Amino acid sequence: MPNLIGKTLGRYHILEQIGEGGMATVFKALDTRLERDVAIKIIRTELFGKAIIERILQRFEREAKALARLSHPNILKVLDYGEYKGSPYLVLEYLSGGTLKDKTGQPMPWEQALQLLTPIIQALAYAHEHKIIHRDIKPSNILLTDKGQPLLTDFGIAKILELDDGQTLTGTGVGIGTPEYMAPEQGIGKDVDARADIYAVGIVLYELLTGRKPYTADTPMAVVIKHINDPLPRPGKFVSDLPQSVEKLLIKLLAKKPQDRFSNMDELGLGIKAILANPDTFKLSVPLAEPERNLVTDRSYSPEADENAHTIDLFERSNPVVATESKRPRFQIKDVLPSWWPAVIGGLLLLIGGTIWLNSGIALQIFPTKALVFTSTPTATKTMTPSPSDTPQPTVTPSVTPYPSKIRDSLGVEMV
Ligand code: AMP
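Residues numbered from 1 in each chain as written. Predicted model: local features only at pLDDT ≥ 70, side-chain atom pairs only at ≥ 80, totals over all residues. Heavy atoms only, no water.

Scanning the chain from N- to C-terminus turns up twelve helices and ten strands. Burial analysis of the chain (416 residues in total) assigns 46% to the buried set. Considering only contacts in the chain between residues 6 or more positions apart, those separated by 24 or more positions represent 61%. As displayed, the chain offers around 21,800 Å² of accessible surface, 54% of which is attributable to carbon and sulfur atoms. (Helix = DSSP H or I, 4+ residues; strand = E, 2+ residues; numbered from the N terminus. Buried < 20%, exposed > 50% of the residue type's maximum accessible area, 1.4 Å probe, protein only. Contact = heavy atoms within 4.5 Å. Areas by Shrake-Rupley, 256 points an atom, 1.4 Å probe, with all protein chains shown as cover.)

A few words on the sheet that holds strand E3 (residues 24–31). Across the sheet, which stays open at both edges, the six strands sit in the order E1-E2-E3-E4-E6-E5 with antiparallel pairing between neighbours. Both edges of this open sheet fall to strand E1 (8–9) and strand E5 (78–84), since each of them pairs with a single strand only. The sheet contact formed by strand E2 (residues 12–20) and E3 spans seven bridges and is antiparallel. The residue bridging glutamate 20 from the neighbouring strand is threonine 25, located in E3. In the packing of helix H1 (residues 50–69) onto the sheet, contacts are made with strand E4 (36–43), E5 and strand E6 (87–93), and the angle to E5 comes to roughly 165 degrees. (Pairing = 2+ DSSP bridges. Axes fitted to C-alpha atoms, helices over the stretch in contact; angles between N-to-C directions.)

This brings us to the nonpolar core. Among the nonpolar cores identified, the biggest contains 71 residues, and Leu117, Phe155, Leu205, Leu249, Leu253 and Leu268 are the most heavily contacted of them. Among the nonpolar cores identified, the runner-up in size contains twelve residues, and Phe27, Ile40, Tyr84 and Val91 belong to it. (Core = buried A, V, L, I, M, F, W, Y, C linked by side-chain atoms within 4.5 Å.)

Attention now goes to unusual backbone geometry. Phi at lysine 131 takes a positive value of approximately 60 degrees, unusual for a residue other than glycine. Relative to the elements of secondary structure, lysine 131 occurs in the loop between helix H2 (110–129) and strand E7 (142–144). The backbone of arginine 135 shows a phi angle near 75 degrees, a positive value even though the residue is not glycine. Note that arginine 135 resides in the loop between H2 and E7.

Another point: the site of the ligand. Neighbouring the ligand are 14 residues, the closest being Ala39, Lys41, Glu93, Leu95 and Asp154. Take leucine 95: an N or O atom from its main chain is 3.0 Å from a nitrogen atom of the ligand. Between aspartate 154 and the ligand, the recorded distance is 3.2 Å, taken from a side-chain N or O atom to an oxygen atom. Burial of the ligand by the protein amounts to 83% of the accessible area it has alone, namely 480 Å². (Near = heavy atom within 4 Å. Polar contact = N/O pair within 3.5 Å; in protein donor to acceptor, adjacent residues only side chain to side chain.)

With that settled, consider the packing of helix H5 (residues 194–210) against helix H7 (residues 244–253). Interhelical geometry of H5 versus H7 gives an angle of 145 degrees and a closest axis separation of 8 Å. Where H5 crosses over H7, the two elements pack in a sense that is left-handed. From H5, Ile198, Tyr199, Gly202, Leu205, Tyr206 and Leu209 reach across to H7, where they touch Val246, Leu249, Leu250 and Leu253. Its residues assigned to classes, the contact of H5 with H7 comprises nine nonpolar, one polar and no charged. (Left-handed = near helix turned anticlockwise from the far one by under 90°. Nonpolar A, V, L, I, M, F, W, Y, C, P; charged D, E, K, R; others polar.)

Looking at the chain, the pLDDT average stands at 76 and 67% of residues meet or exceed 70. Residue range residues 164–175 is modelled with pLDDT below 50. Its contacts to residues more than four positions away, or to other chains, number 31 contacts. Counting contacts from residues 369–416, a segment whose pLDDT is below 50, to residues more than four positions away or on other chains yields 40 contacts. (pLDDT = per-residue confidence, 0-100.)

In structure tokens form, the structure reads like this:
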């Protein structure tokens with residue numbers, strides 16, 4: 001992004017850069033007509049090829065208009081939009097109180113965390129009613145007024161950067177959404193609905209309550225795989241006095257399968273209200289320990305049964321949404337063999353061991369006749385061997401099989 005400080009975009013005079021993310025750069029600017037501060041968010045088109053920029057621009061106007069129509073006290077207002085040298089930008093209200101990210105890193109009292117997120121949940125309920133899914137809820141997208149009131153921002157930016165088939169426009173390693181806050185279905189590139197936002201709210205709540213994110217790793221793909229596979233680390237492990245109802249609320253918000261979460265934000269809002277009123281009377285039928293499940297290898301997980309899921313094939317997609325790395329999870333034999341494989345291998349080993357044992361000296365000494373059953377020529381033979389004088393002499397060979405020499409010696413049998 002070229003240095004825009006001191007430049008004028010339409011009626012907006014750029015004052016300073018206040019942030020830079022993977023997809024956009026944010027500047028503080030002066031609206032010269034209304035003489036007030038605004039924030040200008042410019043999409044970083046230098047990341048994309050020409051054809052992709054054209055698609056972004058086409059989509060941008062439509063999305064910007066939809067965002068400008070959102071009118072809710074807890075959603076940061078989109079004031080205007082424009083284009084500067086091929087880079088689309090949004091003009092937003094400017095808030096001076098920082099972001100919720102400044103409040104993370106250490107556990108927050110649960111009442112305070114639930115109260116802080118309540119306006120955000122109301123904002124999301126409103127947006128979902130208007131068929132807009134946020135897709136990138138995280139503490140840095142929750143801005144604070146100078147009085148500490150939270151407002152949700154960055155609605156639809158992820159959508160602007162998405163192709164019609166749901167795949168990322170970037171192809172540069174810049175993903176849509178933020179892996180640490182992404183629901184499993186979003187991480188594997190599915191269409192998402194309100195329940196992906198519910199999951200992300202759950203991660204933010206977890207982080208506020210415990211001071212840590214539940215799933216972290218070195219690469220975006222590794223984080224996505226943890227969201228899919230790893231059981232939720234019990235929040236109560238990190239905060240001793242967390243009411244069980246709050247812990248259960250988190251477990252429900254962060255269920256791996258969308259249909260196991262709250263079905264909408266209003267339902268979640270009611271749950272939070274009830275817990276704040278009395279944490280001991282609020283009951284949720286959620287098991288405290290979610291069973292470990294692996295949506296990639298779990299054959300009992302049926303994407304067809306989940307109208308929101310489309311595929312669990314994380315690795316065969318030619319263009320996964322989040323990460324462009326081709327890092328696979330470590331190979332595990334259980335991924336390719338059915339669950340009863342140990343029984344089959346055990347049986348085979350028993351059969352081979354049994355055969356060897358029955359053919360060994362011990363078996364022969366204990367069960368001499370039975371052992372013969374397994375030998376190759378168990379017949380008594382009577383053969384005529386010509387004598388040197390041409391007089392046929394009958395020779396009797398013993399009725400035994402060609403035993404190994406050791407056994408032969410011990411039995412005193414001569415083989416023909
Ligand atoms: P983002 O790229 O949306 O994560 O924004 C980067 C940073 O810019 C945020 O963490 C905020 O500190 C700042 N920022 C974004 N939007 C605004 C705004 N409307 N008012 C004030 N600061 C903002």
